[in-house]
Amino acid sequence: MDVSITVTITGTRPRRSVLAVLLTVLFGGLLPLLASLLLVGPPATAASAAVPRQAQAAAALTEVTNFGANPSNLQMYLYVPTNVTAHPAVIVAVHYCTGSGPAMYSGTEYAQLADQYGFVVVYPSVTRASKCFDVSSPAALKRDGGSDPVGIKSMVDWVVQHYNADTGKVFATGISSGAMMTNVLLGDYPDVFAAGAAFSGVPFGCFATTDGSEWNTACANGTVTHTPQEWGDLVRGADPGYTGPRPRMQLWHGTADAVLQYPNFGEEIKQWTNVAGVGQTPAATDTPNSGWTRTRYGSTGDQAPVEAISLQGVDHNLYAWGMAARVLTFFGLDSGGSAPQPPVGACTVTATTSAWNTGLTGSVTLTNTGTTTVDGWQLAFTLPAGQTITNGWGATYAPASGAVTATNASYDGTLAPGASVTIGYQADHTGNSAAPSGFTLNGTACTVS
């Protein structure tokens, strides 16, 4: 039977439940099977439906063609708010298996938030039968190797060219297959994406296959495990010539996920903390919502190098209305979050220690290598096991061991471009007198010299 469908995307955004039914009725067979395996989309729960939505702006979702290199024939959908800023940020919102760019537009509130904050949203859309993104092939797991990541990078380039977008504020987020692609994009193009937010995903490289299959059962079941170094090496191997700063990552996962099982959450944390050069011990742990456990690594602020949110008893259909606002806070794009941090990599650190018996002194020199003045700083780092700070100078230190944050003193909080500050501390040790590691300035990774 031949079916011809014309979809016009205007007016009020449809409820997600209607889209799910439409997909099932139209396609039958294969796609409902995949929908049972992977997320069919953000649920229209009572809680999410109860949140009042803003009135539809005059802007509308549009399709862009001929946007550049596109080896896997992706479609590009674009939402540009009427109040787009002069140099807008860009969010790439990546859909789930059986989904589409328009479905991601309708089922998430990124477009409404764009109306509020003036950024641009790109919605990539798969055309292959499964509607799943390629996160498995050797081509996809290598910078400019081909397949979907190349097409998505072309979409970003097109937006930068046509809207004079801020290349320092390009972000990726996705759900399920889109979460896996978020991991891949940050690995393939660390110089393009400043941060990502992955909902119900798996680590970069976990889904790798060599037989053309889109599905990796071992990874989905959470049985693929590596050391942090091994996971980090997979990311670094995607672009082995790259030595610059790495994107920040926000991770979301439900403990009852039976599709991409919960152990993948811990493996993602291992991977991205290693990539960021921060320790495995959280710098902060809290409960922002009932049943949520949030851990931050490398610093305690809203733009930590890695932020991970575990949702107790929640299944694979994790995304709910309102979560995108927390993504924007992590990205630094909302007025309610912390002030945007210095550009990634805008700092270098030199650290040395001088030890005796069970004690040592440490000296840390921080240099602002960015182009803007840092007005107030927190330098986070990880002390080697067995070391405990007993006193310090030039900053206040808390806690005394593990993941430590040094906060500027009243007299040295301003660092002009090229300026340096040296701080120090005295510590006890139990045999390991090495210098600290994993330095981040206001949540942004520093280069260690």
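In case you missed it, the structure is sitting above this.
Residues numbered from 1 in each chain as written. Predicted model: local features only at pLDDT ≥ 70, side-chain atom pairs only at ≥ 80, totals over all residues. Heavy atoms only, no water.

S.K.: Help me out: how do you make sense of the pairing of strand E10 (residues 306-311) in this one?
M.R.: The two faces of a sheet get side chains in turn, since along a regular strand they alternate between them. The buried fraction of E10 amounts to six of the six residues, a majority that puts the element mostly inside the structure. Examined bridge by bridge, strand E7 (residues 248-254) and E10 share six bridges and lie parallel to one another. Considered in E10, the bridge of Gly254 is made with Leu311. (Buried < 20%, exposed > 50% of the residue type's maximum accessible area, 1.4 Å probe, protein only. Helix = DSSP H or I, 4+ residues; strand = E, 2+ residues; numbered from the N terminus. Pairing = 2+ DSSP bridges.)

S.K.: Help me out: how do you make sense of the packing of aromatic side chains in this one?
M.R.: Any aromatic ring pair is given by two values, namely how distant the centres are and how the planes are angled relative to each other. By the definition in use, this model includes 13 aromatic pairs. Taking 6.4 Å as the distance between ring centres and 20 degrees as the angle between the ring planes, the aromatic pair formed by Phe381 and Tyr425 counts as stacked. Of the two residues, Phe381 is situated in strand E14 (residues 378-382) and Tyr425 in strand E19 (residues 420-428); the sequence distance between them amounts to 44 residues. The residues Phe381 and Tyr425 share a single accessibility class, namely buried. An aromatic cluster is present here, built from Phe199, Trp252, Trp292 and Tyr319 joined pairwise through their rings. (Phe/Tyr/Trp six-rings, centres within 6.5 Å; stacked < 30°, edge-to-face > 60°.)

S.K.: In this structure, what is going on with the state of the cysteines? I would like to understand it.
M.R.: Structurally, a disulfide amounts to a covalent bond that connects the sulfur atoms of two cysteines. This model, assessed by the stated rule, comprises three disulfides. Here Cys206 connects covalently by a disulfide to Cys219, the sulfurs 2.1 Å from one another. Of note, the bridge from Cys206 to Cys219 carries an S-S torsion of about 120 degrees and is right-handed in sense. Here the residue Cys206 occupies a position in the loop between strand E6 (195-199) and helix H8 (217-220), and Cys219 occupies one in helix H8, the gap between them amounting to 13 residues. Assessed through its relative accessible area of 4%, Cys206 is described here as buried. The partner cysteine of Cys347 in its disulfide is Cys446, sulfur to sulfur 2.0 Å. One quick way to see it: the torsion about the S-S bond of Cys347 and Cys446 is about -100 degrees, and its sign makes the bridge left-handed. Here the residue Cys347 occupies a position in strand E11 (residues 347-356), and Cys446 occupies one in the loop between strand E21 (444-445) and strand E22 (447-448), the gap between them amounting to 99 residues. Under the relative-accessibility criterion, Cys347 is labelled buried at 1%. By sequence order of its bonded cysteines, the protein chain has the disulfide arrangement 1-2, 3-4, 5-6. (Disulfide = S-S within 2.5 Å.)

S.K.: Before we go on, may I ask you to explain helix H10 (residues 263-276) in this structure?
M.R.: Structural remark: α-helix, 3.6 residues per turn; residues separated by three or four positions point the same way. Relative to the 20 Å expected for 14 residues at 1.5 Å per residue, H10 spans 20 Å between its end C-alpha atoms, a close match to the ideal helical length. For H10, a buried count of 12 out of 14 residues is recorded, marking the element as mostly surrounded by other parts of the structure. All of the buried residues along H10 are Asn264, Phe265, Glu267, Glu268, Ile269, Lys270, Gln271, Trp272, Thr273, Asn274, Val275 and Ala276. Directly beyond the C-terminal end of H10, a positive phi value near 75 degrees is found at Gly277. (Expected span 1.5 Å × (residues − 1).)

S.K.: Explain the packing of helix H9 (residues 228-237) against H10 to me, please; I cannot follow it from the model alone.
M.R.: What describes two packed helices is the angle between their axes and the distance between those same axes. At their nearest, the axes of H9 and H10 sit 8 Å apart, and the two run at 65 degrees to each other. Here H9 is positioned roughly perpendicular relative to H10, judged by the angle of their axes. The element H9 and its partner H10 pack so that their crossing is right-handed. Of the residues in H10, those in contact with Pro228, Gln229, Trp231, Gly232, Leu234, Val235 and Arg236 of H9 are Glu267, Lys270, Gln271, Trp272, Asn274 and Val275. When its residues are assigned to classes, the contact of H9 with H10 shows six nonpolar, four polar and three charged. (Axes fitted to C-alpha atoms, helices over the stretch in contact; angles between N-to-C directions. Parallel < 35°, antiparallel > 145°, perpendicular 65-115°, else oblique. Left-handed = near helix turned anticlockwise from the far one by under 90°. Contact = heavy atoms within 4.5 Å. Nonpolar A, V, L, I, M, F, W, Y, C, P; charged D, E, K, R; others polar.)

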